[in-house]
Amino acid sequence: MEQSFIMIKPDGVQRGLVGEIISRFEKKGFYLKGMKLLTVEKSFAEKHYADLSAKPFFPGLVEYIVSGPVVAMVWEGKNVVVTGRKIIGATNPSDSAPGTIRGDLAIEVGRNVIHGSDSIESARKEIALWFPEGIAAWHSSQHPWIYE
Ligand code: GTP
Ligand code: MG
């Protein structure tokens, strides 16, 4: 089944939003397939956001991501990449709808609490980058109550 890489950024961890964020993905019906708390190095953050390296905000973005521990996760489910981005909300919390994570829990684009893969291909690359050790295989007993 489809997987997405979701990361709670350092502000989300510092602000005690880890449980709230995980809960939203769990309640939707997605399955948590990998999770770890870690602080990444500058070179690793630069690799994760390599596509944005030419942007003027890139140095600040890298500083932000390395500023404290993050929670790296793999979530699985039907359309989890696109639906996960909807749960997260627009990049700039000023534009994120109420009911989304960023719409409810963030104010500034440079402190927007969470990352989600933007395509199935990005998810594949990001999961390989963040979980080179692989992820545990398990199957939820709730499956028939979530999928027809
Ligand atoms: P991610 O899920 O974190 O990848 O966000 P996104 O896919 O919604 O947006 P994008 O990949 O374009 O940007 C990555 C991150 O860079 C954003 O989540 C913001 O934290 C940051 N960012 C994007 N645009 C700006 C900007 O204009 N100013 C600042 N300060 N940060 C920005
Ligand atoms: Mg992005």
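The name given to the chain in an unreviewed UniProt entry is Nucleoside diphosphate kinase, with Dioscorea cayennensis subsp. rotundata as the source organism. UniProt lists a comment for the chain under the heading Sequence similarities (unreviewed entry), and it reads "Belongs to the NDK family." What UniProt records for the chain under Cofactor (unreviewed entry) is the sentence "Mg(2+)".

A. Layout of the overall build of the chain. Regarding its fold elements, the chain presents 8 helices and 4 strands. Radius of gyration (C-alpha) of the chain: 15 Å, near the 15 Å computed for a compact globule of 148 residues. Overall, the C-alpha framework of the chain stretches about 45 × 35 × 25 Å when taken along its three principal axes. The proportion of buried residues among the 148 residues of the chain is 44%. Within the chain, residue pairs in contact and separated by at least 24 positions form 79% of the contacts whose partners lie at least 6 positions apart. In the structure as shown, the chain presents an accessible area of about 8,200 Å², 54% of it carried by carbon and sulfur atoms.

B. Spotlight on the site of ligand 1. As a structural note, the neighbourhood of ligand 1 is formed by K9, Y49, L52, F57, L61, R85, T91, R102, V109, N112, H115 and G116. With respect to ligand 1, the backbone of V109 contributes an N or O atom lying 3.0 Å from an oxygen atom. One of the side-chain N or O atoms of N112 is found 2.8 Å from an oxygen atom in ligand 1. Relative to its unbound accessible surface of 600 Å², ligand 1 loses 75% to contact with the protein.

C. Fine view of the sheet that holds strand 4 (residues 114–116). If you trace the 4 strands from one edge of the open sheet to the other, you get 2-3-1-4, paired in antiparallel fashion. Two strands close off the open sheet at either side, each with one partner strand: strand 2 (31–38) and strand 4. Recorded for the sheet is a direction-independent mean angle of 15° between the axes of neighbouring strands. In this structure, strand 1 (residues 3–8) lies alongside strand 3 (residues 70–76), joined through 6 bridges in antiparallel fashion. Directly across from M7, in strand 3, lies its bridge partner A72.

D. Structural detail: helix 5 (residues 80–88). Along helix 5, the residues that are buried comprise V80, V81, T83, G84, I87 and I88. Among the structural elements, strand 1, helix 2 (18–28), strand 3, helix 6 (101–105), strand 4 and helix 7 (120–130) are those in contact with the buried residues of helix 5. Backbone geometry just after helix 5 places G89 at a positive phi near 95°.

E. Here's a closer look at the nonpolar core. Counting 18 residues, the largest nonpolar core has I21, F25, W75, I101 and I114 as the members making the most contacts within it. Sorting the residues of this core by element identifies strand 1, helix 2, strand 3, helix 5 and helix 6 as the ones contributing at least two each. Not counting residues up to four positions away in its chain, the partners in contact with I101 are I21, R24, F25, I87, I88, A106, V113 and I114. Among the nonpolar cores identified, the runner-up in size contains 17 residues, and F5, Y49, V62 and W130 belong to it.

F. Geometry of the side chain of S122. You can see S122 is positioned in helix 7. Relative accessible area serves as the criterion here: at 16%, S122 is assigned to the buried category. A polar atom in the side chain of S122 sits 2.9 Å from the side chain of S119.

About the thresholds
- Every chain's residues receive numbers from 1 upward, in the order its sequence appears when written.
- Whichever chain is written first is A, and whichever ligand is written first is 1; the rest continue in order.
- Local features in this predicted model are restricted to residues whose pLDDT is 70 or higher, and side-chain atom pairs enter the listing and the counts only when it is 80 or higher, whereas totals over whole chains, interfaces and linings include all residues.
- Calculation of side-chain values draws on the structure's entire complement of heavy atoms; hydrogens and water are dropped beforehand.
- UniProt positions are given in the numbering used here, feature names are shortened, and annotations may be inferred rather than shown by experiment.
- Secondary structure elements follow DSSP: runs of H or I no shorter than four residues count as helices, runs of E no shorter than two count as strands, and numbering proceeds from the N terminus.
- Only the C-alpha atoms count toward the radius of gyration. The rule for a globule is 2.2 Å times the residue count to the power 0.38.
- Using a 1.4 Å probe on the protein chains alone, a residue whose accessible area is under 20% of its type maximum counts as buried, one over 50% counts as exposed, and one in between counts as partly exposed.
- Contacts are assigned to residue pairs that have any heavy atoms within 4.5 Å of one another.
- For every accessible area listed, the method is Shrake-Rupley and the probe measures 1.4 Å; residues are considered covered only by the protein chains on display.
- Whether a residue is near a molecule or strand is decided by its heavy atoms; if any one of them lies within 4 Å of it, the residue is near.
- Counting of polar contacts relies on pairs of N or O atoms within 3.5 Å, with two restrictions inside protein: one atom must be capable of donating a hydrogen and the other of accepting it, and residues adjacent in sequence are counted only when both atoms are side-chain atoms.
- Should DSSP find at least two bridges between two strands, the strands are regarded as paired.
- To get an axis, a line is fitted to the C-alpha atoms, and for a helix only the part in contact is used. The angle between two axes follows their N-to-C directions and goes from 0 to 180 degrees.
- Take the buried Ala, Val, Leu, Ile, Met, Phe, Trp, Tyr and Cys residues and link them wherever side-chain atoms come within 4.5 Å; each set so joined is a nonpolar core.

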